[in-house]
Amino acid sequence: MARQFRNNNFRGMRNQYHFDYLVVVDFEATCEKENPEDFQHEIIQFPAVLIDVHRQKIIDEFNSYCKPKLRPTLSRFCTELTGITQETVTQAPDFTVVLEEFKRWLDSHGLGTKYTFSLVADGFCDMGKFLYTQCKLSGIEYPYFALQWVDIRILFFHFYGVRWYKLAVTMELIGERFTGTLHNGLDDSKNIGTVLLKMLHGGANPIQNEKILLDLTDQENNPPSHKYDLKTVKHINPREFFASQSQPVGFVSNRSRTPEQASNKENWFRSVSRSPPDTYMKTPPPVPKINKLKIAMRRAWGENVDDDYPSLNLGNVVPNSVKPHTSGKL
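These numbers were taken from a predicted model, which means no experiment stands behind them. (Residues numbered from 1 in each chain as written. Predicted model: local features only at pLDDT ≥ 70, side-chain atom pairs only at ≥ 80, totals over all residues. Heavy atoms only, no water.)

Peer 1: Can you break down the overall build of the protein residue by residue, with the values?
Peer 2: A count of helical and extended segments in the protein gives 11 helices and 8 strands. In the protein, which comprises 330 residues, the share counted as buried stands at 51%. Long-range pairs, those at least 24 residues apart, make up 71% of the contacts in the protein with a sequence separation of at least 6. Carbon and sulfur atoms make up 49% of the accessible area of the protein, which amounts to about 16,700 Å² in all. (Helix = DSSP H or I, 4+ residues; strand = E, 2+ residues; numbered from the N terminus. Buried < 20%, exposed > 50% of the residue type's maximum accessible area, 1.4 Å probe, protein only. Contact = heavy atoms within 4.5 Å. Areas by Shrake-Rupley, 256 points an atom, 1.4 Å probe, with all protein chains shown as cover.)

Following this line, the structure appears as structure tokens:
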């Protein structure tokens, strides 16, 4: 469990958040039912939702589809999984055009100039696999704003002390409901944003916890420790994040800040110096993880458990994305 702040006034103070805005992205990419080991995914949906950290609400969204070049024809499995049709991607602009539109969208909100921000993703594949591969295929430079990001799975584990399961199940664990269509990038981004807002309301102060490795030598020195790990992604521990804050990704330099913003940044550094890096989040009431996990999984599999746990007011919405594993009962 994450430990509580030594400074109880830390929670809710405007100038104490590490980022003014958080941008949740969840790319959808070309895929097959059985992807070959050397399969190169191309981004076909580029969604994002913008969260105002101080007001703790979603204030805007971005969504565009992209035309794949390497495999212009979508597989039947890809269409069934994402709901994206062949006609949609055929008429869509190239990824490079969409990326420029996204940059203009960021600029329209003053992100990276007037305000600080960070991307948020569900895992490391969005940046470490999809965006990295797409930039190589398109022959463009990897975007500066995605060099580091917040992996919400790591944030969730440190905040609740419970591992991240599939999105619909994870939302059940914290008393939320998945809305929209699973594997629709924009709907997934909105629901990830809902989980993030739940943590912000509880006192979380997100930090960037993963970064991309663009140098081939760095990648060779970062061998995957698990078969699903990527050599292009490296974990950032809290101490490393705080040590890098002299000019972090997404921060605005003092020269481009107003005197008030510059003062806020200095106050933030002073507050950090009073607490060790591993005390960066406030622990909410503990989640009864075993029972709630069983309930969430059983409901995701279509079982009616409302009568078994009437005090939890579970409702009747059943996520349809999670299938039971073959090992039997939990």
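Peer 1: Talk me through the pairing of strand 5 (residues 117-121); I want residue IDs and the actual numbers.
Peer 2: Burial of strand 5 is extensive: 5 of the 5 residues sit out of reach of the surface. Side-chain alternation along strand 5 places Phe117, Leu119 and Ala121 on one buried face and Ser118 and Val120 on a second face that is also buried. Two strands pair when backbone bridges link them, and strand 1 (residues 21-25) and strand 5 are joined in this way by 4 bridges, in the parallel orientation. The residue of strand 5 that forms the bridge with Val23 is Leu119. (Pairing = 2+ DSSP bridges.)

Peer 1: An account of a nonpolar patch on the surface is needed here, citing residue identities and associated values.
Peer 2: A surface patch of nonpolar side chains, about 250 Å² in accessible area, is lined by Tyr144, Leu147 and Leu214. Position of Tyr144 among the secondary structure elements: in the loop between helix 4 (125-138) and strand 6 (148-151). (Patch = residues over 30% accessible without salt bridge, like charges linked within 9 Å, V, L, I, M, F, W, Y side chains within 5 Å. Salt bridge = Lys/Arg side-chain N within 4 Å of Asp/Glu carboxyl O.)

Peer 1: Let's hear about the environment of Cys78: which residues, and what values?
Peer 2: By secondary structure assignment, the location of Cys78 is in helix 1 (residues 76-82). Spatially, the C-alpha atom of Cys78 lies 8.3 Å from that of Ala29, the residues being 49 residues apart in sequence.

Peer 1: Describe the nonpolar core, listing the residues and the values that go with them.
Peer 2: If you look at the biggest cluster of nonpolar residues, it comprises 37 residues, and the most contacted ones within it are Ile152, Phe156, Val195, Leu196 and Met199. Secondary structure elements with two or more residues in this core: strand 1, strand 3 (43-52), helix 5 (152-160), helix 6 (167-173), helix 7 (185-201) and helix 9 (238-243). Element by element, the count of residues in this core is highest for helix 7, at 7 residues. Ignoring any residue separated from it by four or fewer positions in sequence, one finds Met199 in contact with Ile152, Leu155, Phe156, Phe159, Tyr160 and Ala204. (Core = buried A, V, L, I, M, F, W, Y, C linked by side-chain atoms within 4.5 Å.)

Peer 1: Explain the packing of aromatic side chains residue by residue, including any values.
Peer 2: The tally for this structure, following the rule as stated, stands at 14 aromatic pairs. Ring geometry for Phe19 against Phe241: centres 6.2 Å apart, planes inclined by 55°, an arrangement best described as tilted. Residue Phe19 is found in the segment before strand 1, and its partner Phe241 is found in helix 9; the two are separated by 222 residues along the sequence. The two residues Phe19 and Phe241 agree in class, both being buried. With a centroid separation of 5.4 Å and 80° between ring planes, the pair formed by Tyr144 and Phe145 is classed as edge-to-face. (Phe/Tyr/Trp six-rings, centres within 6.5 Å; stacked < 30°, edge-to-face > 60°.)

Peer 1: Kindly report on the pattern of salt bridges, identifying the contributing residues and their values.
Peer 2: Across all of its chains, the model carries 10 salt bridges by this definition. The salt bridge partner of Lys190 is Glu61, with a shortest N-O separation of 3.4 Å. Within this pair, whereas Lys190 is found in helix 7, its partner Glu61 is found in strand 4 (residues 57-65), the two being separated by 129 residues in sequence. Classification of Lys190 as partly exposed rests on a relative accessible area of 29%. Residue Glu61 is classed as partly exposed on the basis of its relative accessible area, which comes to 39%. Close ionic contact of Arg177 with Glu172 constitutes a salt bridge, the shortest N to O distance being 3.5 Å.

The analysis is restricted to geometry; functional conclusions fall outside its scope.
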